[in-house]
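Residues per chain, in single letters:
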Amino acid sequence: MILSGRSISPGKAKGEVLKLDEPFSFLGGVDGSTGELNSGKGNVAGKVFVFPAGKGSTVGSYVMYDLAVHGKAPAAVINNNAETIVTTGAVISSIPMVDRIDVSLLRDGDRVTVDADAGTVEVEGVEIIESVSSAILVDGRVLMLKRPENARSFPGVWSLVAGKIEFGESPVEASVREIMEETGIDVHAPDRSGRVVTVREKDTIWRVYPFLYRLKAAEPKLNHENLGFEWVEPKDLPSRKTVKYTYEAVSAMLEP
């Protein structure tokens, strides 16, 4: 799987991901002579260091340079959004760096190849599956399906009507087919579509095309893929265990 972003500091590197979920400051965040993170979460030396964005003092740039002088620099840096301090540190330290990468799709221990000349990150052993997720809305309530605990993907959670896009299908065609197969509801064309979202589950990244169907009435007749259904107020979705970004995708499609 290859993720495309933007080249910040040129060069190429390959290594294991060390990831933080919060913005990071090199000043105070890492020992410049050893590479050890002060949080105790590991050592950046030789790792592909992944975090959403930089923060903190401009001295952080020189801490990155200190790491390079001591041979303890990260092999590469990946951010969602590069800011000036980390950018400067990467450039003066000759550390390959890429940004505009959705770092939520990367995990600790992933083996990645960073091509900062091209602005890409290749993740070994991870595949992308194109899929659809459809919200059926009746009287202001959205149809939610309960997935079984032994489901191969997203077991035990509530989801919209979802499934893979088969070879040769368009996303809309897949959405209409999945709704018929899973619920017996006959639809023809969505009222709205949403922005494509990506969700990581183990070694799979689901690239999801969301759709919204407004119906006057519907009586779901489920197949074997789901255990049950409920009609749920969209505002109540965050209180349920759902596939990630379900609430955000539905809310976006309900906006005027």
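Residues numbered from 1 in each chain as written. Predicted model: local features only at pLDDT ≥ 70, side-chain atom pairs only at ≥ 80, totals over all residues. Heavy atoms only, no water.

**Student:** Mind laying out the nonpolar core, listing which residues take part and the relevant values?
**Tutor:** Residues Leu3, Ile78, Leu106, Val112, Val114, Val121 and Val123 are the most contacted members of the largest nonpolar core, which totals 20 residues. Broken down by secondary-structure element, the contributors of at least two residues to this core are β3 (12-19), β4 (48-50), β5 (76-78), β7 (111-115) and β8 (120-123). Setting aside residues up to four positions removed in sequence, Val112 forms contacts with Ala13, Lys14, Gly15, Val17, Val48, Leu106, Val121, Glu122 and Val123. Counting 19 residues, the second largest nonpolar core, distinct from the first, contains Leu18, Phe26, Leu67 and Val86. (Core = buried A, V, L, I, M, F, W, Y, C linked by side-chain atoms within 4.5 Å. Buried < 20%, exposed > 50% of the residue type's maximum accessible area, 1.4 Å probe, protein only. Helix = DSSP H or I, 4+ residues; strand = E, 2+ residues; numbered from the N terminus. Contact = heavy atoms within 4.5 Å.)

**Student:** Residues and numbers for helix α3 (residues 84-92), please.
**Tutor:** Regarding α3, the residues found buried are Ile85, Val86, Gly89 and Ala90. Mapping the buried residues of α3 onto a view down its axis gives an arc of 125°, with all of them on the same face. On the buried face of α3, the contacting elements are β2 (6-9), α1 (26-29), α2 (59-69), β5 and β6 (97-99). Of the residues that open α3, the one with a side-chain oxygen 3.2 Å from the backbone nitrogen of Ile85 is Glu83. Ser94 occupies a position one or two residues after α3 and carries a positive phi of about 55°. (Arc of directions from axis to C-beta. Polar contact = N/O pair within 3.5 Å; in protein donor to acceptor, adjacent residues only side chain to side chain.)

**Student:** How would you sum up the side chain of Glu182? Please name residues and give values.
**Tutor:** Take Glu182: it is sitting in helix α4 (residues 171-183). For the buried Glu182, no salt bridge is present, and the opposite-charge side chain at shortest range is Arg147, 5.4 Å distant. Here Asn226 takes part through its side chain, which lies 2.8 Å from a polar atom of the side chain of Glu182. Beyond its immediate sequence surroundings of up to four residues, Glu182 is in contact with Leu145, Val161, Ala162, Lys221, Leu222, Asn223, Glu225 and Asn226. (Lys, Arg positive; Asp, Glu negative; His and termini not counted. Salt bridge = Lys/Arg side-chain N within 4 Å of Asp/Glu carboxyl O.)

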